[in-house]
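This is what each chain is made of:
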Amino acid sequence: MDALIRHERQINQQLARYGVKFGIYKNGTFQERLFPFDAIPRVITAQEWAELEKGLIQRVRALNLFLADVYGEKQIIADGTLPEDFVFRSPGYLPQCESIRPVKGVYSHISGIDLVKGKDGVWYILEDNLRIPSGASYPLIARDLCRRCSPETFRSNDILDNRNYGDLLRKTMDSVSTGGINVVFTPGRYNAAYFEHSYLAEKTGAVLAEAGDLYVRDSVLYYRSTQGDQRVGALYRRVSDEYMDPLAFEPESLIGIPNLMSAYRAGNVAVLNAFGNGAADDKGIYYFVPKMIRYYLGEEPILNNAPTYLPFYDEDRKYVLDHLDRLVIKDVAEAGGYGVVFGSKLTKEQLASIRDTILAEPRRFIAQEVIDFQDLPIMDEGQQVDRKADLRAFVLSGAEDTVVWPSGLTRFSRNPDSFIVNSSQGVGFKDTWVLSR
């Protein structure tokens with residue numbers, strides 16, 4: 001590991017050459033920055049990983065069943081397990097997707113599940129990302145560069161090989177393909193995550209395409225190529241729902257594919273991830289995932305939610321308002337670390353203001369206890385210091401099975417006083433070593 005630390009600067013230089021960047025908003029403006037890499041890895045034991053793997057598969061299976069239900073029979077609502085008006089008022093619920101069953105019935109093909117490990121040694125799920133979760137490419141390319149810098153490190157440690165992510169993603173795409181080529185659909189090279197789009201297209205052997213490269217004819221999606229037009233069987237999209245089809249969603253979108261929804265509705269193309277998945281990764285819906293696991297699978301949840309309160313309910317609202325100064329308040333419509341407020345950092349006037357907002361719009365917020373999660377060591381200007389870190393695990397669901405990639409994106413705060421470790425907040429990342437024994 002000492003060799004990796006010595007080569008950290010060279011690794012970051014190589015990452016910069018590859019264009020490993022991330023976009024953040026600061027002071028109201030968009031800025032593209034390098035995603036700094038720290039060479040000290042997060043290490044997860046084989047035993048610990050086995051438990052995480054079981055819990056992650058369980059959770060994603062339940063979420064996929066919920067999406068099929070909420071856009072289909074709605075049995076979980078009819079049985080009173082989830083409140084109807086809460087579900088359908090979710091910003092991520094899309095009425096355009098009602099009664100549409102995706103190819104092979106899979107909704108969330110690539111799930112990015114964010115976790116933290118408390119100082120009590122317990123892992124807590126913080127968030128489910130089921131729309132267009134990003135980040136797998138960063139530990140993937142970092143591991144490749146680390147291997148080049150210090151091959152002996154990986155020969156002398158029992159670390160599971162993470163280079164199979166491209167194969168796992170390709171198999172997932174193939175398993176739901178309707179016949180034709182696989183395409184990674186990108187909004188273009190000016191997107192902050194364009195490196196990832198192109199890198200994953202290369203690793204999966206898929207075509208990288210933009211809106212102008214694709215069209216729909218007779219409810220079939222085609223790719224314009226120099227060898228003639230080719231049918232698309234699976235479209236791994238890296239564009240938000242609302243911009244995917246200007247005839248179905250945002251009419252002013254210039255990065256979408258007109259009539260794509262007609263091909264999707266007809267079952268002529270698999271779209272990864274499916275439209276409307278936001279109905280299941282809404283921060284408010286997160287509160288109900290343990291209930292989903294019990295309802296659909298008849299099992300107790302293996303992994304814990306963070307202790308969460310829903311102001312939508314009278315009892316929870318009273319608790320939240322009585323303990324605002326010690327809770328974390330999250331706006332369910334926000335993402336990327338935005339809309340997160342720590343009550344302990346607010347003035348009396350600010351607490352009064354957010355109290356009034358919660359009373360006026362209880363569906364808009366969740367509140368959570370502050371989890372004192374573990375710090376991990378990082379190198380900061382030649383000194384080893386501790387910083388808060390989370391883990392984004394990647395779960396891939398195909399037509400036949402659900403698997404967890406034996407790696408993940410570990411993000412750490414560069415601010416010693418910050419608990420927010422989302423990539424869009426200007427953090428760094430580490431490799432995640434899962435031990436094989």
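One structure accompanies this document, and this report is about it.

### A short note on the overall build of the protein
For the protein, the helix and strand inventory stands at 15 helices and 21 strands. The C-alpha radius of gyration computed for the protein amounts to 22 Å, which stays within 12% of the reference 22 Å derived for 437 residues, consistent with globular compactness. Counting only C-alpha atoms, the protein reaches 60 × 60 × 45 Å along its principal axes. The buried share of the protein, reckoned over its 437 residues, is 55%. Pairs at least 24 apart in sequence give 69% of the contacts found in the protein among residues at least 6 apart. Split by element, the accessible area of the protein, about 18,800 Å² in all, is 46% carbon and sulfur. Of note, the protein has its 51 positive side-chain charges centred 4 Å away from the centre of its 59 negative side-chain charges.

### What to know about the sheet that holds strand 16 (residues 365–369)
Read from one edge of the open sheet, four strands run 13-16-14-15, paired in antiparallel fashion. Because the sheet does not close on itself, it has two edges, and the strands there are strand 13 (308–309) and strand 15 (340–342). With five bridges joining them, strand 14 (residues 327–331) and strand 16 adopt antiparallel strand pairing. Its bridge partner lying in strand 16, Asp331 is registered against Phe365.

### Let's talk about the pattern of salt bridges
Applying the stated criterion across every chain, the model contains 32 salt bridges. Among the ionic pairs, Arg170 bridges to Asp167, the shortest N-O distance being 2.9 Å. Of the two residues, Arg170 and Asp167 both sit in helix 8 (residues 165–176), three residues apart, roughly one turn of that helix. Residue class for Arg170 comes out partly exposed when judged on its relative accessible area of 28%. Notably, a salt bridge pairs Asp375 with Lys388, separated by 3.6 Å at the nearest N-O pair. Of this pair, Asp375 sits in strand 17 (residues 375–380) while Lys388 sits in strand 18 (residues 383–397), and the two are 13 residues apart along the sequence.

### A few points about the layout of surface pockets
Roughly 430 Å³ of volume is contained in the second largest pocket. As for the second largest pocket, its lining consists of 20 residues, of which Glu8, Pro36, Phe37, Met379 and Arg414 are closest to the centre. For the lining of the second largest pocket, the leading source of residues is helix 2 (residues 8–18), giving five residues.

### A short note on helix 8
For helix 8, spanning 12 residues, the distance from its first C-alpha to its last is 17 Å, which sits close to the expected 16 Å at 1.5 Å a residue. Tyr165, Gly166, Leu168, Leu169, Thr172, Met173, Ser175 and Val176 are the residues of helix 8 that are buried.

What counts and what doesn't
Residues numbered from 1 in each chain as written. Predicted model: local features only at pLDDT ≥ 70, side-chain atom pairs only at ≥ 80, totals over all residues. Heavy atoms only, no water. Helix = DSSP H or I, 4+ residues; strand = E, 2+ residues; numbered from the N terminus. Rg over C-alpha atoms; globule rule 2.2 N^0.38 Å. Buried < 20%, exposed > 50% of the residue type's maximum accessible area, 1.4 Å probe, protein only. Contact = heavy atoms within 4.5 Å. Areas by Shrake-Rupley, 256 points an atom, 1.4 Å probe, with all protein chains shown as cover. Lys, Arg positive; Asp, Glu negative; His and termini not counted. Charge placed at Lys NZ, Arg CZ, Asp CG, Glu CD. Pairing = 2+ DSSP bridges. Salt bridge = Lys/Arg side-chain N within 4 Å of Asp/Glu carboxyl O. 1 Å grid on protein atoms, 1.4 Å probe; cavity = no way out; pocket = protein on both sides within 12 Å on 5 of 7 lines; lining within 4 Å. Points joined across faces, edges and corners; volume = space filled by probe spheres on them. Expected span 1.5 Å × (residues − 1).

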